[in-house]
Structures are given as C-alpha cells and as structure tokens.
Amino acid sequence: MRVTIETICPVCGKISYVVAEESDFFAWQSGALVQDAFPYLSAEERELFISGICSDCWDRMFGAEETEELELEEEEEEEEEEKEKEEEWKRVFDALDELFKLIEEEEDC
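This text gives an overview of the structure that appears in the document. Quantities reported herein were computed from a predicted structural model and do not represent experimental measurements.

## A closer look at the overall build of the protein chain
In terms of regular secondary structure, the protein chain is built from five helices and two strands. Along the protein chain, helices (α) and strands (β) appear in the sequence β-β-α-α-α-α-α when read from the amino end. Its C-alpha atoms give the protein chain a radius of gyration of 22 Å, clearly above 13 Å, the size a compact globule of 109 residues would have. Dimensions along the principal axes, computed over C-alpha positions, put the protein chain at roughly 75 × 35 × 20 Å. Residue burial in the protein chain is summarised as follows: out of 109 residues, 22% are buried. When contacts within the protein chain are restricted to residue pairs at least 6 apart in sequence, those whose partners lie at least 24 apart make up 33%. In the form shown here, the protein chain has an accessible surface area of approximately 8300 Å², with 52% of it arising from carbon and sulfur atoms. Across the protein chain, the 9 positively charged side chains and the 37 negatively charged ones have centroids separated by 1 Å.

In structure tokens, the structure reads:
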C-alpha cells in the first residue's frame, strides 16, 4: 500500500510530501539504508527522509552542483542496471534459441 509522508523543512518550514510504499517506509525505519528502502525515489525525495531539508534549502546551503552530481550518478547507475538486465535477457533468449535448435535436430532424426 502506498502512503504519503509529510515532511517539514527544518530550515525554511516548507511542507513537502513524498509518496512511498508503506513496507519500504517501515524497512527504512527499521534500519535499512534510505537508498535501499526507496530506490525508486529521487535523491531529493530521499533527503527529505534523512534530514527533512527541502531541495531549495539544500541548494542554498550546499550548491546545486552537488545535487546535480548526485542525480547524474543515479542516472548512470540506473542506465548500468538497465544494460545489465538487457544483457541478461539476451543470454536467456540465446539459450532458448540453442534449446530450440537442439529440439529441431532431435525431431529431424
């Protein structure tokens, strides 16, 4: 079940809302790393869980450059995961092709 979590920025008081799976939220509260509990959330959304600091205040305090670097790292990780999945599916289909060839050879005999 999805839940909406409200956070209040300790710097400016801005209220933010993050939608997440309830089980993931409980996993995080039980000690899971925020990036493991919420891999589908952006770095900014996960930061709301960690510190409560909104993205505007984060950028003012630490600079937008650091946020952009984190987002680029996330995108690169996602692209790498997608590439690995594609390669795995290719291996599966290649194995199936080999299996079908063997079956056809057996039928021809």
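The discussion continues.
## Observations concerning the side chain of Glu74
Its place among the elements puts Glu74 in helix α5 (residues 64–108). Once residues lying within four places of it in the same chain are set aside, the contact partners of Glu74 are Leu41, Ser42, Ala43 and Arg46.

## Looking at the environment of Lys14
Along the chain, Lys14 falls in the loop between β1 (2–8) and β2 (15–21). Looking at Lys14, the relative accessible area reads 38%, which means it is partly exposed. A C-alpha to C-alpha distance of 38 Å links Lys14 and Lys83, two positions 69 residues apart in sequence. Once you skip the residues sitting within four places of it in the chain, Lys14 turns out to touch Thr7, Ile8, Cys9, Cys54 and Asp56.

## Quick look at the environment of Ile5
Relative to the elements of secondary structure, Ile5 occurs in strand β1. The spatial distance from the C-alpha of Ile5 to the C-alpha of Glu21 is 10 Å, given a sequence separation of 16 residues. Not counting residues within four places of it along the chain, the set of residues in contact with Ile5 comprises Ser16, Tyr17, Val18, Ala20, Phe25 and Phe49.

## Considerations on the layout of surface pockets
One way to see where empty space is left: roll a probe the size of a water molecule over the atoms. As a volume, the largest pocket reaches approximately 330 Å³. For the lining of the largest pocket, the elements supplying multiple residues, two or more each, are α2 (34–37), α3 (43–50), α4 (55–62) and α5. Within the lining of the largest pocket, the residues separate by chemical class into seven nonpolar, three polar and six charged. Volume-wise, the second largest pocket comes out at about 220 Å³. Lining the second largest pocket, in full, are Gln35, Pro39, Tyr40, Leu41, Ser42, Arg46, Glu74, Glu77, Glu78 and Glu81. Here the lining of the second largest pocket takes four residues from α5, the largest share from any one element. Broken down by class, the residue content of the lining of the second largest pocket amounts to three nonpolar, two polar and five charged.

Each value, and the rule that gives it
- Residues numbered from 1 in each chain as written.
- Predicted model: local features only at pLDDT ≥ 70, side-chain atom pairs only at ≥ 80, totals over all residues.
- Heavy atoms only, no water.
- Helix = DSSP H or I, 4+ residues; strand = E, 2+ residues; numbered from the N terminus.
- Rg over C-alpha atoms; globule rule 2.2 N^0.38 Å.
- Buried < 20%, exposed > 50% of the residue type's maximum accessible area, 1.4 Å probe, protein only.
- Contact = heavy atoms within 4.5 Å.
- Areas by Shrake-Rupley, 256 points an atom, 1.4 Å probe, with all protein chains shown as cover.
- Lys, Arg positive; Asp, Glu negative; His and termini not counted.
- Charge placed at Lys NZ, Arg CZ, Asp CG, Glu CD.
- 1 Å grid on protein atoms, 1.4 Å probe; cavity = no way out; pocket = protein on both sides within 12 Å on 5 of 7 lines; lining within 4 Å.
- Points joined across faces, edges and corners; volume = space filled by probe spheres on them.
- Nonpolar A, V, L, I, M, F, W, Y, C, P; charged D, E, K, R; others polar.

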